[in-house]
Amino acid sequence: MTSPVVVAGAGGAGLAAALSAAQCGVDTVVLEANLHYRHACTTVMSTGLVPGAGTPAQQAANVDDSPEDYAADILAKTGETSDPVTTATLTARSAELVEWLGRSLRRALELATDARYPGHRRHRLHAPADRSGRTLHGALNRAVIAHDVEVLMPYRLVGVAERTDALRLTVATPDGARHEMDAGALVLATGGFAQDPELVRRHLPQLEAATYFGGDHSDGQALRLAEELGLDCAYLDSYTGHASYAHNHGVLVTWNAVMHGGVIVNTAGRRFADESIGYSGFADALAGQEASRGFLLLDQRIADACKTFPEFTQLRDAGGIRWADDPVALARAIGVPETVLGATLEEAGIAATGAHPDPHGRTDWEAPLAWPVGVIPISPILGMSQGGLVTDEQARVRRDGRAVPRLYAAGGAATGTSGHGGEGYLAGNGLLLALGLGYIAGRDAARVVSHYGHRAP
Ligand SMILES: Cc1cc2nc3c(=O)[nH]c(=O)nc-3n(C[C@H](O)[C@H](O)[C@H](O)COP(=O)(O)OP(=O)(O)OC[C@H]3O[C@@H](n4cnc5c(N)ncnc54)[C@H](O)[C@@H]3O)c2cc1C
């Protein structure tokens, strides 16, 4: 079997790559390992927030933004350590991506102006009206099918061999059989490695005990292929975590609860870090606390402000927030001495009014907590690795710094823009890497196979 463009993985990255290649009029095939990918890939678990800097929606909302401002925010959040090529490429093309998605999916993404995300100085996250990655992925899937792209499943890419005129792919099916096919170009969009315990132990040891909360089959296949082919990989210590996983109910609590003034304490009733560093960086801080457990404290004003997030409302309606009228009841609810918790809340309250600096350095408070105070037991999760194959401006992978013809990577398979560790992750970085790099990869793969066919480029 021979196909001009082959995409491995039908998450956000793979579908964006397949759609952009097919829109160029090139025959495209997607290999997907999971029959249930439409319900189980990481993209469907996301809140569908896609960053775009300089979009018409921003202009209409009088948001003055530019790719340079966005890149500056990424550099500030990562301490200037994010991959320079990927950062420059994706921020420069983010508005084009949002516009392309709106046009291709026949539904404009809305600019989210009702929430603030740590590190973004401007409102620049765009999402479907229901803030659902499932909606976004479903629309991409329909667009791909409408362009006659075949999604072969369950087909797992397990091998790639380079020929002068094509790539020879090995694909495994559940019956144990192996099949070979040739591809004019291949986009590796098989997700990250956070579901693979051995790779997590090796690259993200501090999160070894954290609950994995990403999609299925994020088991590092692209990394294994990269090792076999000697491809460049980087930032393997980079990840997206989330500190506010309400483990009793299996729900991720929106970090807006914190940005609106929520406070996090450990099982001793003490704050231990600046919550406003963001949900990903704070996951690391919480992982270092006793039993990796803590409590998110919020009030009625904050709960009302989070009503637009469906999971938050579900958690509240399921009794996932326990309310206490005073410090004694709150201390009893979380099992800590009232004196310790009382002192913690008093100190946080004073810092929130600006009367005294916060000992943990937090400056971003909306208001002090007001009684009654609600409590949600939380623990950290590992959502996604953010390191992987190094790519160039066209999303081509590299070997010894040089682009490898016909071979591309996007999404969790590729190196992201989050620098090292978890603190550099800005909301939207994940889908930008998936959809943005996928979009770029698909177009370039189509260009290469149209121009060179099966000759060496
Ligand atoms: C709870 C949560 C919320 C998030 N919210 C946001 C958000 O709002 N905004 C944002 O930017 N990011 C968000 N992210 C991150 C974002 O969802 C991911 O970065 C992005 O979806 C990754 O897309 P992907 O296509 O690389 O991976 P996936 O969506 O996981 O797709 C990979 C696909 O490849 C398939 N596959 C794996 N191996 C093989 C193989 N060998 N052969 C064939 N197929 C294979 C898998 O089955 C899967 O279908 C969130 C993540 C989580 C966990």
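Values in this document were obtained by computation on a predicted structure and should not be read as measured data.

### Quick notes on the overall build of the protein chain
Item 1. Within the protein chain, the secondary structure is distributed over 17 helices and 20 strands.
Item 2. Expected size for 457 residues packed as a compact globule is a radius of gyration near 23 Å; at 23 Å, the protein chain falls within 12% of this value.
Item 3. Reported as C-alpha extents along the three principal axes, the dimensions of the protein chain are approximately 75 × 50 × 40 Å.
Item 4. Within the protein chain, the proportion of its 457 residues that are buried is 58%.
Item 5. For the protein chain, long-range pairs separated by at least 24 residues make up 75% of all intrachain contacts whose partners lie at least 6 apart in sequence.
Item 6. Total accessible area computed for the protein chain in this model is approximately 17,600 Å², and 49% of it derives from carbon and sulfur atoms.
Item 7. The protein chain carries 37 positive and 51 negative side-chain charges, and their two centres are separated by 4 Å.

### What about helix 5 (residues 67-77)?
Item 1. Turning to helix 5, its buried residues number three or more, namely Tyr 70, Ala 71, Asp 73, Ile 74 and Lys 77. Each buried residue of helix 5 lies within a common arc of 155° when the element is viewed along its axis, so the set occupies one face. In helix 5, the exposed positions that point more than 90 degrees away from the buried face belong to Glu 68 and Ala 76.
Item 2. Where helix 5 terminates, the next one or two residues include Gly 79, which has phi positive at roughly 60°.

### A word on the environment of Arg 116
Item 1. You can see Arg 116 is positioned in the loop between strand 4 (110-111) and strand 5 (125-127).
Item 2. Residues Arg 116 and Tyr 37, spaced 79 residues apart in sequence, show a C-alpha to C-alpha distance of 30 Å.
Item 3. With near-sequence residues (within four places) excluded, Arg 116 lies in contact with Asn 256, Met 259, Asp 364 and Glu 366.

### A few points about the sheet that holds strand 3 (residues 50-51)
Where strands meet in a sheet, backbone hydrogen bonds hold them as pairs that are either parallel or antiparallel.
Item 1. Judged by pairing direction, the sheet is antiparallel, and its three strands sit side by side in the order 3-5-4 without closing on themselves. Across the chains shown, the open sheet's two edge strands, defined by having one partner strand only, are strand 3 and strand 4.
Item 2. Of the strand pairs in this sheet, strand 3 and strand 5 are connected by two bridges, and their pairing is antiparallel. Within the sheet, the bridge partner assigned to Pro 51 lies in strand 5 and is Leu 125.

### Regarding unusual backbone geometry
Item 1. In this structure, the amide linkage connecting Met 153 to the following residue, Pro 154, adopts the cis form with an omega of -5°.
Item 2. With respect to the helices and strands, the residue Pro 154 is situated in the loop between strand 6 (150-152) and strand 7 (156-162).
Item 3. With an omega dihedral of 0°, the bond running from Trp 371 to Pro 372 counts as a cis peptide bond.
Item 4. Locating Pro 372 in the fold gives a position in the loop between helix 16 (338-353) and strand 17 (373-385).
Item 5. For Glu 80, which is not glycine, the phi dihedral falls at a positive 65°.
Item 6. Considering the arrangement of structural elements, one finds Glu 80 in the loop between helix 5 and helix 6 (84-92).
Item 7. For Glu 80, a relative accessible area of 63% translates into the label exposed.
Item 8. Notably, Arg 131 is not glycine yet its phi reads approximately 50°, a positive angle.
Item 9. Structurally, the position occupied by Arg 131 is in the loop between strand 5 and helix 8 (133-146).

### Some thoughts on the packing of helix 1 (residues 12-23) against helix 7 (residues 94-105)
Item 1. Close contact between helix 1 and helix 7 brings their axes to 12 Å; oriented N to C, the two are set at 70°. When the interaxial angle is binned, helix 1 and helix 7 end up roughly perpendicular. Of the residues in helix 7, those touching helix 1 at Ala 16, Leu 19, Ser 20 and Gln 23 are Trp 100, Ser 104 and Leu 105.

### Examining the nonpolar core
Item 1. Core analysis: the largest hydrophobic core is formed by 78 residues, its most contacted members being Leu 169 and Leu 186.
Item 2. The biggest single contributor to this core is helix 17 (residues 429-452), with 13 residues.
Item 3. Leaving out residues up to four positions away in the same chain, Leu 169 has contacts with Val 6, Leu 31, Leu 157, Gly 159, Val 160, His 179, Glu 180, Met 181, Ala 183 and Leu 186.
Item 4. By size, the runner-up hydrophobic cluster in this structure holds 34 residues, among which are Ala 127, Ala 257, Tyr 279 and Ile 376.

### Observations concerning the pairing of strand 12 (residues 239-246)
Item 1. Counting buried residues in strand 12 gives eight out of eight residues, a clear majority hidden from the surface.
Item 2. Across five bridges, the pairing between strand 12 and strand 17 is antiparallel. Paired with Gly 241 across the two strands is Leu 382, which belongs to strand 17.
Item 3. By the bridge criterion, two bridges tie strand 12 to strand 13 (residues 251-252) in an arrangement that is antiparallel. Within strand 13, the position partnered with Ala 246 by the bridge is Val 251.
Item 4. What sits between strand 12 and strand 13 in their antiparallel hairpin is a turn of four residues, with Gly 250 showing a positive phi close to 65°.

### Quick notes on the pairing of strand 20 (residues 402-409)
Item 1. In terms of strand pairing, strand 9 (residues 178-188) meets strand 20 through three bridges, oriented parallel. Following the sheet pairing, Val 187 is matched in strand 20 by Tyr 408.
Item 2. Sheet topology note: the strand 19 (residues 396-399)/strand 20 ladder contains three bridges and is antiparallel. Note that in strand 20 the partner of Arg 398 across the bridge is Ala 403.
Item 3. Once strand 19 ends, the chain turns through two residues before running back antiparallel as strand 20, passing Asp 400 with a positive phi of about 50°.

Calculation criteria
- Residues numbered from 1 in each chain as written.
- Predicted model: local features only at pLDDT ≥ 70, side-chain atom pairs only at ≥ 80, totals over all residues.
- Heavy atoms only, no water.
- Helix = DSSP H or I, 4+ residues; strand = E, 2+ residues; numbered from the N terminus.
- Rg over C-alpha atoms; globule rule 2.2 N^0.38 Å.
- Buried < 20%, exposed > 50% of the residue type's maximum accessible area, 1.4 Å probe, protein only.
- Contact = heavy atoms within 4.5 Å.
- Areas by Shrake-Rupley, 256 points an atom, 1.4 Å probe, with all protein chains shown as cover.
- Lys, Arg positive; Asp, Glu negative; His and termini not counted.
- Charge placed at Lys NZ, Arg CZ, Asp CG, Glu CD.
- Arc of directions from axis to C-beta.
- Pairing = 2+ DSSP bridges.
- Axes fitted to C-alpha atoms, helices over the stretch in contact; angles between N-to-C directions.
- Parallel < 35°, antiparallel > 145°, perpendicular 65-115°, else oblique.
- Core = buried A, V, L, I, M, F, W, Y, C linked by side-chain atoms within 4.5 Å.

Any functional reading would require information that these geometric values do not contain.
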